[in-house]
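Examination of the molecular architecture
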Amino acid sequence: MADLVSHPDEKKVVSARFGKGAANIERYLELDGYQAVQKALALGPDGIINEMKASNLRGRGGAGFPAGMKWSFVPKESAKPKYVLCNGDESEPGTCKDRLILEHDPHAVIEGVMIAALAIGAKTGYIYIRGEYRYLVDIMRKALADAYAKGFLGKNIFGSGRDLDVYWHTGAGAYEVGEESALMESLEGKRGIPRIRPPFPAVVGLWGGPTVINNVETLASVPHVIMGGGEWYANLGTPKNGGTRLFCLSGHVAKPGVYELPLGYNLKKMIYEVAGGIPNGRQLKAVVPGGSSTPMLKPEEIDLPMDFDSCAKIGTFLGSGGVVVLDDTTCMVKFAQRVIKFYQHESCGWCIPCREGTDWLKKTLTRFHAGGGLKKDIDNIQYLAENMLGRTFCPLGDAAAMPIISIVKKWRSEFEDHLNGRPCPYGHEEEKQLLPVLSH
Amino acid sequence: MPPVSEKLDAFFTEKMKEYPTRRSFLVPMLLYTQDELGYLSREAIAYLAEKTDLPELEIRNVISYYSMLTTKPRGKFNVQVCTNISCMLRGAEGVFAHCKKQLGIGHKQTTADGVFSLEEVECIGACSWGPAMQVNYDFHENLTREKVDKILEEYENKAKQ
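Everything quoted here is computed from the prediction, not taken from an experiment.

1. Examining the side chain of N241 of chain A
All names here are of chain A. The residue N241 is located in the loop between helix 9 (230-234) and strand 5 (244-251) in this model. A polar contact of 2.9 Å, which involves the side chain of N241, links it to the side chain of D309. Here N241 is in contact with N56, R58, L263, D307, F308 and D309, once residues within four sequence places are set aside.

2. Topic: the confidence of the model for chain B
Summing up the model confidence of chain B, the mean pLDDT is 96 and the portion of residues at 70 or higher is 100%. We note a pTM of 0.95 for the whole complex and an ipTM of 0.97 for its interfaces.

3. A few points about the interface of chain B and chain A
One frequent convention defines the size of an interface as the accessible area lost when the parts assemble. With 49 residues of chain B at the interface, the matching set in chain A holds 66 residues. Between chain B and chain A lies a buried interface of about 4,700 Å² when both sides are counted; carbon and sulfur atoms form 57% of it. Together, Y65, L89 and W129 of chain B form the three largest contributors to the area buried by chain B at its contact with chain A, with a combined 15%. Along the contact surface separating chain B from chain A lie five salt bridges. Among the ionic pairs, R338 of chain A bridges to E122 of chain B, the shortest N-O distance being 3.1 Å. For the interface between chain B and chain A, the tally reads 30 residue pairs in polar contact (both at pLDDT 80 or more). By residue number, the principal contributor to the side of chain B that touches chain A is helix 2 (residues 26-37) of chain B, which donates six residues. The class makeup of the residues in the side of chain B that touches chain A is 27 nonpolar, 12 polar and 10 charged.

4. Side note on the packing of helix 3 (residues 42-52) of chain B against helix 4 (residues 56-63) of chain B
All names here are of chain B. For the pair helix 3 and helix 4, interaxial distance at closest approach is 9 Å and the crossing angle is 110°. Taken together, helix 3 and helix 4 sit at an angle that is classed as roughly perpendicular. The element helix 3 and its partner helix 4 pack so that their crossing is right-handed. Here helix 3 contributes R42, I45, A46, L48, A49 and T52 to the contact with helix 4, which in turn contributes E56, I59, R60 and I63. Split into classes, the residues belonging to the contact of helix 3 with helix 4 amount to six nonpolar, one polar and three charged.

5. Side note on the packing of helix 12 (residues 332-346) of chain A against helix 15 (residues 396-410) of chain A
All names here are of chain A. For the pair helix 12 and helix 15, interaxial distance at closest approach is 10 Å and the crossing angle is 175°. Classified by the angle between their axes, helix 12 and helix 15 sit roughly antiparallel to one another. Where helix 12 abuts helix 15, its residues M332, F335, A336, V339, I340, Y343 and E346 lie against L396, A399, A400, P403, I404 and I407. Across the contact of helix 12 with helix 15, the residue classes break down as 12 nonpolar, no polar and one charged.

6. Some remarks on the sheet that holds strand 1 (residues 83-88) of chain A
Residues and elements named next belong to chain A. Spatially, the four strands line up as an open sheet ordered 3-2-1-4, and their pairing is parallel. Strands at the two margins of the open sheet, each flanked by one partner only, are strand 3 (165-170) and strand 4 (211-215). The mean inter-strand angle of the sheet, taken between neighbouring strand axes irrespective of direction, is 20°.

7. Notes on helix 2 of chain B
Across its 12 residues, helix 2 of chain B extends 16 Å between first and last C-alpha, which sits within 8% of the 16 Å expected from 1.5 Å per residue. Within helix 2 of chain B the residues assigned to the buried category are L26, V27, P28, M29, L30, L31, Y32, T33 and Q34 of chain B. Looking at the packing, one finds that the buried side of helix 2 of chain B touches helix 6 (134-149), strand 3 and helix 7 (180-187) of chain A together with helix 1 (6-15), helix 3 and helix 4 of chain B. One or two positions beyond helix 2 of chain B, positive phi appears at G38 of chain B, with a value near 95°.

8. Examining the environment of N215 of chain A
All names here are of chain A. Note that N215 resides in strand 4. Taking the C-alpha atoms as reference points, N215 and E111, separated by 104 residues in sequence, lie 13 Å from one another. With near-sequence residues (within four places) excluded, N215 lies in contact with R60, G61, N87, K97 and D98. Here the side chain of N215 touches E217 through a polar contact of 2.8 Å, landing on its backbone nitrogen.

9. Overview of the state of the cysteines
Evaluated as defined, the whole model comprises zero disulfides over all chains. Here C311 of chain A stays free of any disulfide, with the sulfur of C248 of chain A as its closest cysteine sulfur at 14 Å. Since its relative accessible area comes to 0%, C311 of chain A is described here as buried. The thiol of C82 of chain B is not disulfide-bonded; the next cysteine sulfur, from C87 of chain B, is found 3.7 Å away.

10. A closer look at a negative patch on the surface
A contiguous patch of negative charge on the surface is contributed by D113, E153, E154 and E156 of chain B. With respect to the secondary-structure elements, E153 of chain B resides in helix 7 (residues 145-160).

11. Let's talk about the pairing of strand 6 (residues 257-262) of chain A
Residue and element names in this part refer to chain A. Here strand 6 lies mainly inside the structure; five of its six residues are buried. Note that strand 5 and strand 6 share six bridges and pair antiparallel. Within strand 6, the position partnered with F247 by the bridge is Y259.

12. Let's talk about the pattern of salt bridges
Taken as a whole and judged by the stated rule, the model has 39 salt bridges over all chains. For R99 of chain A, the salt bridge is made with E141 of chain B, and the minimal N-O distance between the two is 2.6 Å. Placement of the pair is R99 of chain A in helix 4 (residues 98-104) and E141 of chain B in the loop between strand 5 (138-140) and helix 7, with the two residues belonging to separate chains. As far as burial versus exposure is concerned, R99 of chain A and E141 of chain B are alike and both buried. Here the salt bridges do not stand alone but share partners, grouping K70, E179, E180 and R197 of chain A into one network.

13. Points about the sheet that holds strand 4 (residues 133-135) of chain B
Residue and element names in this part refer to chain B. Pairing in this open sheet of five strands is mixed, and the strands run 2-3-1-4-5 from one edge to the other. Single-partner strands in this sheet number two, and they are strand 2 (109-110) and strand 5. Sheet analysis places strand 2 next to strand 3 (residues 116-121), joined by two bridges and oriented antiparallel. From the neighbouring strand, Q109 faces strand 3, where its bridge partner is L118.

14. A look at the packing of aromatic side chains
All names here are of chain A. Throughout the structure, instances matching the rule amount to 29 aromatic pairs over all chains. Seen in terms of ring centroids, F368 and F415 are 5.6 Å apart; in terms of plane orientation they differ by 65°. Their pairing is edge-to-face. Highlighted residues: F368 in helix 13 (residues 352-372) and F415 in helix 16 (residues 412-417), separated in sequence by 47 residues. Grouping residues by exposure puts F368 and F415 together as buried.

15. Description of unusual backbone geometry
With an omega dihedral of -5°, the bond running from R197 of chain A to P198 of chain A counts as a cis peptide bond. By the element assignment, P198 of chain A lies in the loop between helix 7 and strand 4. Cis peptide bonds are those with omega within 30 degrees of zero, and the linkage from P198 of chain A to P199 of chain A qualifies with 5°. Relative to the helices and strands, P199 of chain A is located in the loop between helix 7 and strand 4. Of note in this structure, N56 of chain A is not a glycine but carries a positive phi near 55°. Within the fold, N56 of chain A resides in the loop between helix 2 (36-55) and helix 3 (67-72). Judged by its relative accessible area of 29%, N56 of chain A falls in the partly exposed class. The phi angle at N142 of chain B is positive, at roughly 50°, despite the residue not being glycine.

Reading the values: rules and limits
Residues numbered from 1 in each chain as written. Chains lettered and ligands numbered in written order. Predicted model: local features only at pLDDT ≥ 70, side-chain atom pairs only at ≥ 80, totals over all residues. Heavy atoms only, no water. Helix = DSSP H or I, 4+ residues; strand = E, 2+ residues; numbered from the N terminus. Polar contact = N/O pair within 3.5 Å; in protein donor to acceptor, adjacent residues only side chain to side chain. Contact = heavy atoms within 4.5 Å. pLDDT = per-residue confidence, 0-100. Buried area = accessible area lost by both parts, 1.4 Å probe. Salt bridge = Lys/Arg side-chain N within 4 Å of Asp/Glu carboxyl O. Nonpolar A, V, L, I, M, F, W, Y, C, P; charged D, E, K, R; others polar. Axes fitted to C-alpha atoms, helices over the stretch in contact; angles between N-to-C directions. Parallel < 35°, antiparallel > 145°, perpendicular 65-115°, else oblique. Left-handed = near helix turned anticlockwise from the far one by under 90°. Pairing = 2+ DSSP bridges. Expected span 1.5 Å × (residues − 1). Buried < 20%, exposed > 50% of the residue type's maximum accessible area, 1.4 Å probe, protein only. Disulfide = S-S within 2.5 Å. Patch = residues over 30% accessible without salt bridge, like charges linked within 9 Å, V, L, I, M, F, W, Y side chains within 5 Å. Areas by Shrake-Rupley, 256 points an atom, 1.4 Å probe, with all protein chains shown as cover. Lys, Arg positive; Asp, Glu negative; His and termini not counted. Charge placed at Lys NZ, Arg CZ, Asp CG, Glu CD. Phe/Tyr/Trp six-rings, centres within 6.5 Å; stacked < 30°, edge-to-face > 60°.

See the structure below:
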């Protein structure tokens, strides 16, 4: 079980029940659990969606799409059953927040799924948890069984005449499955390969029925939106970026951990005050702002409000909230190589620019870092990555290309330092044993 | 007779009712079957093909997609060391090298006594507590070489019990 951290600047909303034993349903009820879903029943579908829209809650999985608007896209009438799908396939490097929510507050996720189902008129919800998180699957299995035993799920929930089932499901290791259409394929028992869109899941989703798909953190925020009201939640953050979010601080910081901070919190302050700054007297070199797929930032760019719009304005993304900090001992070529190794491994292979592009980038960066680089490789890496952008069914191709482009553009001198057979100026003895120099 | 326990078979039958199609619970079924048998044997694939009314080839097609699934036997304890970015920055490559040295095996290899297998894996969602590894489904975080030695010893003792 992961350690919990805290800082006075935190605004605990989603994490308010962390460390309080709320995985136990009795304790969850003592902490006002399952009241939001009863309030949602009274509000009705339009009332719920209005609160959600007012909250400015944007998707916490990475894309940042307004959740209330997403829910409103589901057609009111449908010949096919409607579904809610909770995306708990957290796999973006740098991101480890959904794990804490599922561990400490699983009933909040269930309640979020229930409220989403009430809003769109679904009778069934699924909570998909990545396979590696088996202990969380067991926690969720028990939480659901307890909710059924209390009569909160199943027939005629809270005497409303509404039937609602929520089930757990698990993956078996595939980053790509975190993409919503690939998630649906996986839940249908297939390889997790993305579907072409349109149609969007809100209209044609699971088994052809209209489907709302939200991240764990988004759905765990929903009961708080309903209890406190959309306006209250919106005011926690900045205009158009409502609420708080869980930031996962990792890498070269003194106090790594998952901290809940209002949207718009300053990144520099987050690194130097909340996470205790850079340890061992080192200097900051680079920051991954929102998970490995987001374009990286230089130290002079981090005086930045961490919300979706401010990040977009300077050419990066808030993404999944995974802030990874790199000190001046880090080799950026090596870092780029490790990032692309991940995406090459996880590419489903469906789209050629992604399948071939990630493979070529990995091979080139591996050779380059190991001392076999050529000057023309630097431009070729950038050119290849830029030509992957926007040319794939799902965002994995972009996710692989964007950090690489930012590294080549912002740390080009480090590539030049590796040229002409020079060994990496930053060492990595063990890594060199692992990576052969490829012929070219 | 199915190759899995009656309890697991009954659990699958029950759980499949939660979906509108027979194949929908396939991915979890593959994982749970592997947990019980150690790997996805030919018999296991034939059993799941019958259970889901799919061709065996389709089951193999799904297996090959998911990195946690394997059709080859592994050690009793599968040591998975994350070397992705957050763990890497805090010394994961040293941890992986140490595991290789202590176990005397490389990536995706198994010790001669069948107790351990070793894998370098992608992000396991322990970024803020890196470097981290998973042994089967147990997380071990904030690793040092000393901590790794202690963990491996614990599993070695478990294997003897």
